[in-house]
2 protein chains.
Amino acid sequence: MKKIIDAVETIVDQALDGMVVAYPEYLQRVEGTLVLARSKPKETGKVGLVSGGGSGHEPAHGGYVGYGMLDAAVAGEVFTSPTPDQVYAGIKAADRGAGVLLVVKNYTGDVMNFDIARELADADGIATEVVLVNDDVAVQDSLYTTGRRGIAGTVFVHKIAGAAAEEGADLSSVKVIADTVVANLASMGCALTSCTVPANGKPTFELGANEMEMGIGIHGEPGIERVPMMSASELTASLYHRLVAELSLGDGERIAAMVNSMGATPAIELAIMSGHLANLTKSSKLSLEKVLMGEFMTSLEMAGASLTLLRLDQQRSTLLNAACDTPALKVVKH
Amino acid sequence: MKKIIDAVETIVDQALDGMVVAYPEYLQRVEGTLVLARSKPKETGKVGLVSGGGSGHEPAHGGYVGYGMLDAAVAGEVFTSPTPDQVYAGIKAADRGAGVLLVVKNYTGDVMNFDIARELADADGIATEVVLVNDDVAVQDSLYTTGRRGIAGTVFVHKIAGAAAEEGADLSSVKVIADTVVANLASMGCALTSCTVPANGKPTFELGANEMEMGIGIHGEPGIERVPMMSASELTASLYHRLVAELSLGDGERIAAMVNSMGATPAIELAIMSGHLANLTKSSKLSLEKVLMGEFMTSLEMAGASLTLLRLDQQRSTLLNAACDTPALKVVKH
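Thresholds applied
- Residues numbered from 1 in each chain as written.
- Chains lettered and ligands numbered in written order.
- Predicted model: local features only at pLDDT ≥ 70, side-chain atom pairs only at ≥ 80, totals over all residues.
- Heavy atoms only, no water.
- Helix = DSSP H or I, 4+ residues; strand = E, 2+ residues; numbered from the N terminus.
- Contact = heavy atoms within 4.5 Å.
- Areas by Shrake-Rupley, 256 points an atom, 1.4 Å probe, with all protein chains shown as cover.
- Lys, Arg positive; Asp, Glu negative; His and termini not counted.
- Charge placed at Lys NZ, Arg CZ, Asp CG, Glu CD.
- Domains from an automatic or database assignment.
- Buried area = accessible area lost by both parts, 1.4 Å probe.
- Salt bridge = Lys/Arg side-chain N within 4 Å of Asp/Glu carboxyl O.
- Polar contact = N/O pair within 3.5 Å; in protein donor to acceptor, adjacent residues only side chain to side chain.
- Nonpolar A, V, L, I, M, F, W, Y, C, P; charged D, E, K, R; others polar.
- 1 Å grid on protein atoms, 1.4 Å probe; cavity = no way out; pocket = protein on both sides within 12 Å on 5 of 7 lines; lining within 4 Å.
- Points joined across faces, edges and corners; volume = space filled by probe spheres on them.
- Pairing = 2+ DSSP bridges.
- Expected span 1.5 Å × (residues − 1).
- Buried < 20%, exposed > 50% of the residue type's maximum accessible area, 1.4 Å probe, protein only.
- Least-squares fit on C-alpha atoms with pLDDT ≥ 70 in both.

The name given to chain A in an unreviewed UniProt entry is PTS-dependent dihydroxyacetone kinase, dihydroxyacetone-binding subunit DhaK, with Ferrimicrobium acidiphilum DSM 19497 as the source organism.

## Description of the overall build of chain A
Summing up its helical and strand segments, chain A has eight helices and 14 strands in all. The dimensions of chain A, computed from C-alpha atoms along their principal axes, are 55 × 50 × 40 Å. The long-range share in chain A, meaning contacts at least 24 apart out of those at least 6 apart in sequence, stands at 73%. When the accessible surface of chain A is totalled, it reaches about 11,100 Å², and 52% of it is carbon and sulfur. For chain A, the distance from the average position of its 26 positive side-chain charges to the average position of its 40 negative side-chain charges is 6 Å.

## Things to note about the domain arrangement of chain A
Residue and element names in this part refer to chain A. Domain boundaries assigned for chain A yield domain 1 (15–183) and domain 2 (185–331). Between the C-alpha centres of domain 1 and domain 2 the distance comes to 21 Å. Every contact between the two is made by 50 residues of domain 1 and, on the other side, 48 residues of domain 2. Across the domain 1 to domain 2 interface the summed buried area is about 3,900 Å²; carbon plus sulfur atoms make up 69%. The largest per-residue losses of area from domain 1 upon contact with domain 2 belong to Phe-79, Val-137 and Phe-156, which jointly make up 18% of the total buried on that side. Between the two partners, domain 1 and domain 2, sit one salt bridge. Close ionic contact of Glu-246 with Arg-148 constitutes a salt bridge, the shortest N to O distance being 3.6 Å. Across the domain 1-domain 2 interface, the total number found is 19 residue pairs in polar contact (both at pLDDT 80 or more). Element by element, the count of residues in the side of domain 1 that touches domain 2 is highest for helix α4 (residues 154–166), at eight residues. Taken together, the residues that form the side of domain 1 that touches domain 2 break down as 30 nonpolar, twelve polar and eight charged.

## A few points about the layout of surface pockets
The volume enclosed by the second largest pocket comes to roughly 1,200 Å³. A:Thr193, A:Glu301, B:Thr193, B:Ser194 and B:Glu301 are the residues nearest the centre of the second largest pocket, which is lined by 42 residues in total.

## What about empty space enclosed by the protein?
The final tally for this structure, using the stated rule, is six cavities of 30 Å³ or more. When its volume is computed, the largest cavity comes out at roughly 190 Å³. Every residue lining the largest cavity is counted, 21 residues in all, and those nearest its centre are A:Leu16, A:Ser55, A:Glu58, A:Gly62 and A:Ala75. The set of elements that each furnish at least two residues to the lining of the largest cavity consists of α1 (11–22), β3 (48–55) and β4 (72–78) of chain A together with α7 (267–283) of chain B. When residues of the lining of the largest cavity are assigned to their parent elements, the largest contribution, four residues, is made by α1(A). Here the lining of the largest cavity is built from residues that sort into 14 nonpolar, six polar and one charged. In this structure, the second largest cavity encloses a volume near 160 Å³.

## Observations regarding the pairing of strand β11 (residues 287–294) of chain A
Here strand β10 (residues 254–261) of chain A pairs with β11(A) via seven bridges, running parallel. Within the sheet, the bridge partner assigned to A:Asn260 lies in β11(A) and is A:Gly294.

## A few points about α1(A)
Between its first and last C-alpha, α1(A) extends 16 Å over twelve residues, near the 16 Å set by a 1.5 Å rise per residue. The complete set of buried residues in α1(A) reads A:Ile11, A:Val12, A:Gln14, A:Ala15, A:Leu16, A:Gly18, A:Met19 and A:Ala22. The inward-facing, buried residues of α1(A) contact β1 (27–29), β2 (35–38), β3 and β4 of chain A together with α7 and β11 (287–294) of chain B.

## Let's talk about helix α6 (residues 232–247) of chain A
Residue and element names in this part refer to chain A. With 16 residues, α6 extends 22 Å between its outermost C-alpha atoms, agreeing within 8% with the 22 Å of an ideal straight helix rising 1.5 Å per residue. Packed against the buried residues of α6 are α5 (171–183), β7 (185–191), β8 (211–214), α7 (267–283) and β12 (304–312). Where α6 ends, the next residue or the one after it, Ser-248, has phi of about 50 degrees, a positive value.

## Some words on the interface of chain A and chain B
Counting residues at the interface gives 53 residues for chain A, matched by 52 residues for chain B. Regarding the contact of chain A and chain B, the summed buried area is about 4,300 Å², with carbon and sulfur atoms giving 67% of it. Contact with chain B buries area across many residues of chain A, yet A:Lys2, A:Ile4 and A:Ile268 alone supply 20% of it, more than any other trio. Between the two partners, chain A and chain B, sit two salt bridges. Salt-bridge contacts for B:Glu25 lead to A:Lys290; the nearest nitrogen and oxygen are separated by 4.0 Å. Across the contact surface, chain A and chain B share 20 residue pairs in polar contact (both at pLDDT 80 or more). Elements with a minimum of two residues in the side of chain A that touches chain B: α1, α6, α7 and β11 of chain A.

## Structural notes on the relation of the copies chain A and chain B
Between the two copies of this chain, the relationship is a rotation about some axis together with a displacement along it. The transform that puts chain A on chain B rotates by 180 degrees and translates by 0.0 Å along the axis, for an RMSD of 0.0 Å. Given the turn and translation reported, the copies of this chain are related as if by a two-fold rotation axis. Residues of chain A ranked by C-alpha distance from the rotation axis are headed by A:Ala264, positioned 2.0 Å from it. Of the residues that chain A buries at the interface, 98% are likewise interface residues in chain B, meaning the two copies contact each other through the same surface.

Okay, here's the thing in structure tokens:
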């Protein structure tokens, strides 16, 4: 295993400190925890947004802490759910007296631990709501998950719910908006190579020299099928048509998309996919209003990509385009 | 070779179109060329900034086109210098009547082709200057280069010279500022794995299972030596001390740093390096004022990282922190 680390046991702790070194104007670490919170939080009255999950998916989620997105992000060990006490620390860091929305990707451990943390918050008088993200259309039930998994589309939830919270929406309104994002969201990924979880020391799975796995999970959980390598055109079309069908997208509808690297895939490959995506949406008579392209939800150094489509209405479009300023996603208004 | 592409011959052309799909508010492609230019250029009077080079180093350089940085970026084929006619097209796209500064990384082909393009521009009455970036302290003379190579530190030149140009500095002033950046800039990289150039179809070099190469070039050109894998602490210290010595940095001096992924290295590993960097600068009594952490100058899917240090004075610090808005680098003012 070749990684730029010191010891498996200290990776997450060190990485969180390093995030604060790189982004002091955005992030502070809540002392004694694995929580990154805004370094310049609003004083009062804003609904807090907290997300989190296992590490190894950077920039998720610490990279999305900042104006217009999250208030705090809770890290677990690599590919491991954060514990309830850590989530609770995140809730407390995000609480400004208007309640806290928890953005949880649908993995059994995450769901359970965020739920326990909600009980702790409830006992403290902090109102919470949960939005459960399950955008991965590849498989129903999987390793770690009952139902569909939550993957890269989660970033659209952060962005849109975060904008609503920043504008002063109350907790129930922010939850409704977040739920409508999830209801209009579909993602699917593929892997060209495995990643290596540091604690395991060897690749999670093996793929042949001309083989790829469609529908891969972001922890290397099994997808739908192993297929011979496709061209960028075939791959993009394959993912796209599946997502369009899942969302029942029809003529004239407005969408946003994310072309996400699983980690090792170079930007030029994502750009080639984005070009195909634009052509596919034209053929489908969909209006592609926004493309997020880059590393948004990675799986360590896995090679591969995921595609996410989000059906837009005017509200989601406005919130998606609202100003935000975080380490990993910035929308600048001039 | 596993890559999300359609054909080796069309990678760069398709990727440039895909960049415009993802960033239409920033970029337009100059028709019939491999040039990306600002989609909303200033009308007149601003010194133009043009950079370019072989593709495969994304986000360099198209990702740095936008307010406060470049006016145009010229792409070559993967790891291949852009041709003079393409550079000339970039100069014309960037020209607003106040002359154009060319930011050139020191590779023989780039230097030659940008020089020929300057002659074409001169014949057209467009004043140009060149800043030659040679921040890689690893080796003197190398494959493709006489003297030191230009690598990730180039992004600091884009940022600082770009801010000066945006503020209305004239061509000779922008050149002076860019030259002082180069004079105070040092970088060095390392590779844990090779990358595969699409046209070659196989890895450029091989490294053993416990081996890394120090001083690697961004095209996989040989570095200084192959060594057993180091810890993140040892690696960061090794790069750091070499750069501090090269720049003769002493007590109390102000620096900015870049912790750059060569492509496949996960963000948590960069964050661990950034943490060590902060500790090292404290021990050296240097004032670390800014860290750029992420993918700034990649080598396709190479695993590894580079470290860059830039000595700051008040002018460089102010320009580095000035607002900018490009696909790959944004400094937001509130």
